[in-house]
Amino acid sequence: MRKMMSVTTGAMVTLLTASTAVGLLSVSIDTPTVSAAKTKKLKLWVDTDTKPTYVQAVKDFEKANPSVKVTIKYTSSTDALKNLQKDPSAAADVFMFPHDQIGSLASQGLIYQNTKYAKSLKSTQISNAMKAATYKGKVYGYPYGIESQVLYYNKTQLGNDDIKSWTSLTSKGKMGTNLASAGANYIFSPLFYTAGDTLYGANGEKAKGTNIDNKKGVSVLKWMKAQKDNPGVVQSSTNTLSLLQSGKISATLSGPWSYNDYKKALGDNLGIAPYPTVDLGSGEKQMQAFLGVKLFGVKQDTKQPLAAMKLAKYLSSDKVQKLGFKNSHYIPSSKKVQASQNIQNDALAKAVVDMSKKGYSTPMPNSPAMANFWTSADALFNDTYKGKISDSQMLPKLTTLVKNASKSVK
Amino acid sequence: MHSLKGVKRRNTMILYLLLTVMAIVWVVPILWIILTSFRGEGGAFVNYFWPKTYTFHNYVQLFTNSQYPFGRWFLNTLFVSIVSGFISTALVLAMAYSLSRLRFKLKGPFLKVALVLNMFPGFMAMFAIYYILKAAGLTQSLFTLILVYVSGAGLGFYIQKGFFDTIPYSLDESAMLDGATKWQIFTKITLPLSKPIIVFTALTAFTGPWMDFIFAQVIMGDNVKNYTVAIGLYSMMTKETANSLFMSFAAGAVIIAIPITILFIVLQRFYVSGVTSGSVKG
Amino acid sequence: MFKRKKHSTFEEHIPLTKLFKKADGATKASYIIMGAANIANKQYLKGFIFLLLEISWVAWLFTTGLKAYHNMITLGTHAQGLVYDKKLGISVLKAGDNSMLLLLWGMLAVIITVLFILLYRANLGSARKIWELKQAGETLPTLKQDLASLLDEKMHVTLMAIPMTGVLFFTILPLIYMIAIAFTSYDHNHLPPKNLFSWVGFANFGNVISGQMANTFFPVLAWTLIWAVAATVTSFFFGVILAMMINAKGIKGKKVFRTIFILTMAIPAFISLLIMNNMFADGGLVNTLLINSGLIKTSLPFFTNPLFAKFTIIVVNLWIGIPATMLVTTGILQNQSEEQIEAAEIDGANKFQIFKSITFPKIVFVMAPSLIQQFIGNVNNFNVIYLLTGGGPANSNYYGAGSTDLLITWLYNLTLNTADYNLASVIGILIFILSATFSLIAYKKISNSGMEA
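A brief look at the structure comes next. Because the structure is predicted, anything quoted here is derived from the model rather than measured.

1. Some details on the overall build of chain B
When its secondary structure is counted, chain B shows 14 helices and 0 strands. Helices (α) and strands (β) of chain B occur, in sequence order from the N terminus, as α-α-α-α-α-α-α-α-α-α-α-α-α-α. Relative to the globule expectation of 19 Å for 282 residues, the C-alpha radius of gyration of chain B, 24 Å, shows a markedly less compact shape. Based on the C-alpha atoms only, the size of chain B along its principal axes is roughly 75 × 70 × 30 Å. Here chain B holds 282 residues, and the buried ones make up 57% of them. Nonlocal contacts in chain B, meaning residues at least 24 apart in sequence, comprise 70% of its contacts between residues at least 6 apart.

2. What to know about the overall build of chain A
Per the secondary structure count, chain A includes 19 helices and 15 strands. Taken along the three principal axes of its C-alpha coordinates, chain A extends 80 × 65 × 40 Å. Among the 410 residues that make up chain A, the fraction classed as buried is 61%. Contacts in chain A between residues far apart in sequence, at least 24 positions, make up 76% of those at least 6 positions apart.

3. Observations regarding the sheet that holds strand 7 (residues 150-154) of chain A
Residue and element names in this part refer to chain A. Strand order in the open sheet made by the 5 strands is 9-8-10-7-11, with mixed pairing throughout. The open sheet terminates on both sides in strands that have one partner only, identified here as strand 9 (233-235) and strand 11 (270-273). Strand-to-strand twist of the sheet, defined as the mean angle between neighbouring strand axes without regard to direction, takes the value 30 degrees. Bridge count for strand 7 against strand 10 (residues 251-254) is 4 bridges, and the pairing is antiparallel. By the bridge assignment for strand 10, Tyr153 is matched with Ala251.

4. Some words on the interface of chain A and chain B
At the interface, 29 residues of chain A touch 28 residues of chain B. Between the two partners, chain A and chain B, sit 2 salt bridges. In this structure, the connection of chain A to chain B is made through 8 residue pairs in polar contact (both at pLDDT 80 or more). Broken down by secondary-structure element, the contributors of at least two residues to the side of chain A that touches chain B are helix 1 (2-28), strand 1 (40-46), helix 2 (51-64), strand 2 (68-74), helix 11 (240-245) and helix 12 (259-266) of chain A. Broken down by element, the side of chain A that touches chain B gets its largest block of residues, 5 residues, from helix 1 of chain A. Looking at the side of chain A that touches chain B residue by residue, the class counts come to 9 nonpolar, 9 polar and 11 charged.

5. As for the packing of helix 2 of chain A against helix 13 (residues 305-315) of chain A
Residue and element names in this part refer to chain A. Taken N-terminus to C-terminus, the directions of helix 2 and helix 13 make an angle of 125 degrees; their axes are 11 Å apart at the nearest point. In terms of their interaxial angle, helix 2 and helix 13 are classed as oblique. The element helix 2 and its partner helix 13 pack so that their crossing is right-handed. Here Tyr54, Ala57, Asp60 and Phe61 of helix 2 come into contact with helix 13, specifically with Ala307, Lys310, Leu311, Tyr314 and Leu315. Across the contact of helix 2 with helix 13, the residue classes break down as 7 nonpolar, no polar and 2 charged.

6. Topic: the pattern of salt bridges
Residue and element names in this part refer to chain A. The final tally for this structure, using the stated rule, is 15 salt bridges over all chains. Ionic pairing is found between Asp79 and Lys82, a salt bridge with its closest N-O pair at 3.8 Å. For Lys82, a relative accessible area of 33% translates into the label partly exposed. Close ionic contact of Asp354 with Lys350 constitutes a salt bridge, the shortest N to O distance being 3.2 Å.

7. A look at the nonpolar core
One finds Leu44, Tyr54, Phe296 and Leu315 of chain A together with Tyr177 and Ile271 of chain C to be the most contacted residues of the largest nonpolar core, which totals 258 residues. A total of 15 residues in this core trace back to one element, the largest contributor, which is helix 10 (residues 212-246) of chain C. Beyond its immediate stretch of four places on either side in the chain, Ile271 of chain C contacts Ile33, Leu233, Phe249, Ala253 and Ile256 of chain B. Counting 97 residues, the second-largest nonpolar core is a separate cluster that includes Ala184, Ala207, Leu241 and Met394 of chain A.

8. Considering the interface of chain B and chain C
Across the contact, 92 residues belong to chain B and 103 residues belong to chain C. Summing both partners gives a buried area of about 9,000 Å² for chain B against chain C, and 82% of it is carried by carbon and sulfur. When the area that chain B buries against chain C is broken down by residue, the three leading residues are Trp26, Phe120 and Met124 of chain B, summing to 10%. There are 0 salt bridges connecting chain B and chain C. Across the chain B-chain C interface, the total number found is 3 residue pairs in polar contact (both at pLDDT 80 or more). When residues in the side of chain B that touches chain C are grouped by element, the largest group, 16 residues, is from helix 1 (residues 2-37) of chain B.

9. Considerations on the packing of aromatic side chains
Residue and element names in this part refer to chain C. Overall, the coordinates contain 55 aromatic pairs over all chains when judged by the stated rule. Plain terms: the ring middles of Phe355 and Phe360 are 5.5 Å apart, the flat faces sit at 45 degrees to each other, and that makes the pair tilted. Its relative accessible area of 26% is what places Phe360 among the partly exposed residues. When the ring centre of Phe20 is taken as origin, the NZ or CZ atom of Lys28, which lies over that ring, is 6.0 Å away. Here the guanidinium or amino end of Lys310 rests over the ring plane of Trp223, the centre of that ring lying 5.0 Å away.

10. With respect to the pairing of strand 1 (residues 81-85) of chain C
Residues and elements named next belong to chain C. One ladder, built from 5 bridges, connects strand 1 with strand 2 (residues 90-94); its direction is antiparallel. Bridging across to strand 2, Leu82 finds its partner in Leu93. The turn joining strand 1 and strand 2, which pair antiparallel and follow one another in sequence, is formed by 4 residues; a positive phi near 80 degrees is taken by Gly89.

11. Structural notes on the packing of helix 10 (residues 215-227) of chain A against helix 18 (residues 370-385) of chain A
Residue and element names in this part refer to chain A. Their axes nearest at 7 Å, the elements helix 10 and helix 18 cross at an angle of 50 degrees. In this view, helix 10 runs oblique relative to helix 18, as classed from their interaxial angle. Residue-level inspection shows Leu221, Met224, Lys225 and Gln227 of helix 10 in contact with helix 18, the latter providing Leu380, Phe381, Thr384 and Tyr385. The residue inventory of the contact of helix 10 with helix 18, partitioned by class, reads 5 nonpolar, 2 polar and 1 charged.

12. Details of unusual backbone geometry
Of note, the bond from Pro192 of chain C into Pro193 of chain C is cis; its omega dihedral lies within 30 degrees of zero at 5 degrees. Within the element layout of this structure, Pro193 of chain C appears in the loop between helix 8 (155-181) and helix 9 (203-209). Positive phi values are uncommon outside glycine, yet Lys136 of chain A reaches one of about 50 degrees. Residue placement: Lys136 of chain A occurs in the loop between strand 4 (134-135) and strand 5 (138-139).

13. Some remarks on a negative patch on the surface
Residue and element names in this part refer to chain C. Residues Glu338, Glu339, Glu342 and Glu345 make up a contiguous surface patch of negative charge. Relative to the helices and strands, Glu342 resides in helix 15 (residues 338-346). Exposure remark for Glu342: the relative accessible area of 41% places this residue in the partly exposed category.

14. Digging into a nonpolar patch on the surface
A contiguous nonpolar patch, built from Val229, Val233, Phe237, Phe238 and Ile241 of chain C and spanning about 420 Å² of accessible area, is present on the exposed surface. For Val233 of chain C, the position within the fold is in helix 10.

15. A short note on the pairing of strand 11 of chain A
Residue and element names in this part refer to chain A. Burial of strand 11 is two-sided: the residues Leu270 and Ile272 facing one way and the residues Gly271 and Ala273 facing the other way are all buried. Here strand 7 pairs with strand 11 via 4 bridges, running antiparallel. Bridge assignment links Asn154 to a residue of strand 11, and that residue is Leu270.

Calculation criteria
- Residues numbered from 1 in each chain as written.
- Chains lettered and ligands numbered in written order.
- Predicted model: local features only at pLDDT ≥ 70, side-chain atom pairs only at ≥ 80, totals over all residues.
- Heavy atoms only, no water.
- Helix = DSSP H or I, 4+ residues; strand = E, 2+ residues; numbered from the N terminus.
- Rg over C-alpha atoms; globule rule 2.2 N^0.38 Å.
- Buried < 20%, exposed > 50% of the residue type's maximum accessible area, 1.4 Å probe, protein only.
- Contact = heavy atoms within 4.5 Å.
- Pairing = 2+ DSSP bridges.
- Axes fitted to C-alpha atoms, helices over the stretch in contact; angles between N-to-C directions.
- Salt bridge = Lys/Arg side-chain N within 4 Å of Asp/Glu carboxyl O.
- Polar contact = N/O pair within 3.5 Å; in protein donor to acceptor, adjacent residues only side chain to side chain.
- Nonpolar A, V, L, I, M, F, W, Y, C, P; charged D, E, K, R; others polar.
- Parallel < 35°, antiparallel > 145°, perpendicular 65-115°, else oblique.
- Left-handed = near helix turned anticlockwise from the far one by under 90°.
- Core = buried A, V, L, I, M, F, W, Y, C linked by side-chain atoms within 4.5 Å.
- Buried area = accessible area lost by both parts, 1.4 Å probe.
- Phe/Tyr/Trp six-rings, centres within 6.5 Å; stacked < 30°, edge-to-face > 60°.
- Lys NZ or Arg CZ within 6 Å of the ring centre and 35° of its normal.
- Patch = residues over 30% accessible without salt bridge, like charges linked within 9 Å, V, L, I, M, F, W, Y side chains within 5 Å.
- Areas by Shrake-Rupley, 256 points an atom, 1.4 Å probe, with all protein chains shown as cover.
- Lys, Arg positive; Asp, Glu negative; His and termini not counted.
- Charge placed at Lys NZ, Arg CZ, Asp CG, Glu CD.

The structure is reproduced here in structure tokens:
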């Protein structure tokens, strides 16, 4: 009896709630349709710290396109994939993302193919940027900037000639870099390019295209292992800034995001240059970095594809790239803007532009399988540096890494 | 006799020493956050403890930076935590009381099921919950956040039930003999005896919204204006900003800690006051 | 008064099948038209609510419900596609089925029907009650009496209704949805909205328990258990010791000490963990101060050596965990009856014996449920690992996990990095089985330990 009665009331309450929920639910599952309303509403996602650039750019865009109303929302561009995956219908029509997410975005059907403006972008943007905006032969992104690690050094401790090669850098000064903890993967994986191997095939999009399990790959690991005994190499990760400031290290490898901190620490003594050369056992070769390309994308289920594409195209235009450089210190991806006086006079921008050239950097692979590479590479690099891996184990370890790295696509 | 006193004094001294050392260990990180929040130079990592320059700038920046509207986040969190604190406390106590005091069929199995239900890791549930809320048209609002925080109350009653279990059943029985209904027993006898656990429950419920930086983010998405302090502060720690905003982050941490600390200090006497023994005497 | 007491035993009822044969027309009608017996016996409100809910369920079933069940079985048949739109000059999206949502709404539909079945049973129960009361010649309760009972013998219904609704929608529904995912092909190759996924049975369980995943699964499981036991036991043990110290006779400034330790509880865990991460980093405060003072030459590998990192995590967790235990223990210590202790002292027991056989068991008894919860909480302690070490240092023998990754953070990596939701769900289920078994056993132990829990 009691059981029955308790169930009665409980069930009533819950069922009522349930029916309300279902009622609402049937309303909300709508399908995206291309609407032809008079005012086209667009949502734009940009990084918080780029606010000055895009508030201005959107204002200009709206002036030129009075029928479009753009709302700017601030989210981290590195979370673009995660945010789009969570709920595409609530995502922005136009969004920023780092190019290595393009493979996942495209294969999950989250991003609109860039058919309309691909051709004109190809003529204005540097080739590496367009390569990064392309996945499996189709262009998806609208490039607006590039980033690459560069060499930061203390001019009072190192001269122009000292920074040419890793050997002289570490004999004349102290190189603070990270081989022993998380993050080593990003800095040192491009050494495989220097050695002549490839990650995820020539375009960085073939899951089974990693071929580092060979002699060249082993030479990279041997080099890493040797750095443990190099007195000119100081393990530094989080403490790089304070080591640089106190003069305990005289150089480090990092990206544009560190510029403000280093500038504050070293002032006019901060020198910036492309990567040095490195000797992996077969002579001096240019040390490579990953090139990161910053892209705008249009989400696949946007209700205003044409307006959204137009906005994305506008945000990657020379005018906005110039504005971005001025206001948010973005390094542009447009050939013309890169060649402009402002960029050429800026030490950081010039170094990054130099690094973006072929032979200095390679766009980070955009295969979705890359996610598996990162953790495995970190583990292997850390263990190698700490001397946990004997020379004879190197090849089998690389084979395992390749196997792990190829795993994502069965 | 004399030596016994000496031993006692020595023991007390050792206790003081131990307690002081521990107190220092517990205070240093807090002191460091406070000092960092006033530090005028450097970034996230410096190789000294005492700042070289002191400034209020980090605090000022928190309230003036339009990209990180900390003041608004603070009010949001205060609102959410107060409302959800009240509701959660009521619901948790209701559940705990029912399961401790009232007798009904299926209570035993229910306790087991409730215990177990909490144990499925919640990560993937987040997205399911997000879609349930979305279907009800409820995303991105503070009300939703309250709803979600409160919905956990139905299963988080174990400590409270343990407390009610320690209140002698004889009190209920004598009240029943006097003709009181269960509701009267609950409101007139049990609750007044339960101040400590009410305070404890309210405190836990109140602090929850200040600490959640994952679930709240899933619900709020790109609606920065409705962020709580936890998501807001966490969003300040990206690769680009982690160093330059670290001192403001510390300042934010100090500001968050202030209301909670005051509550803890003011309310701890309830917490530790001997109420269970009081009920036996009364 | 005796009448009240009777309620604690549960009465015997006539089986529903028998009732149908014996009962009058209105009661019989209740088997099809819900609330019929109530309406026939003038319990109009109750009767019409039953009836209304039945009609709404039937309406729901034919408008939405059947479709939802069908979709749940197929998980969608039309993938989204692109159609070239000549007018716009681009291909536009032609929406398809979203397997994930279809699954979720299917599960909701299941819950709705289960609720309806319970409601139907309740309707029969109500009809039976009326019949039984009439047979016994008693008067039927009025609406007022029914409502009043909600504050007395049926008060648990009143108290539990709202919390349970929350649990149903925000715990149970997501839970069965997640469990269902473990039996689908919802992985990186079948991500909605572009792709459909389908039911695959137990295939995913095989993938996790054998093969390369197993080489990661079992070591991570082992560390998860070690961590959970170590973290729970150390926090509890040292928390009790600290409380004993503060509350020892002759210690002055109890309040000050207590307040100092409580301070740490006021700081959100994610902040203190990020700060600790900063302080113990290679270039963090602890290492620099130690180096500056000449005690060590090179940084201690707090987070970079696997074993060291594990110790660091457990020690840092003490910083967070001890004050809470201290606070609860203090409450218990201050509440323990002086008489009992005095009696024990008269019997010649020394302080340790009193602690061992009176105080400590009491603490354990009161804290047992929270200890079980803490243990489970530690098994699923995402924050500590995610914010302190991020799972690192990396381990080249593992797949997608670091040396300090717990199952829960590994699960997080699997969803976030590789989008293998089905594998993550399998791990979730395994964590669930582990936690549930443990706590049910522990819970039973407490219940058997003499006092009713």
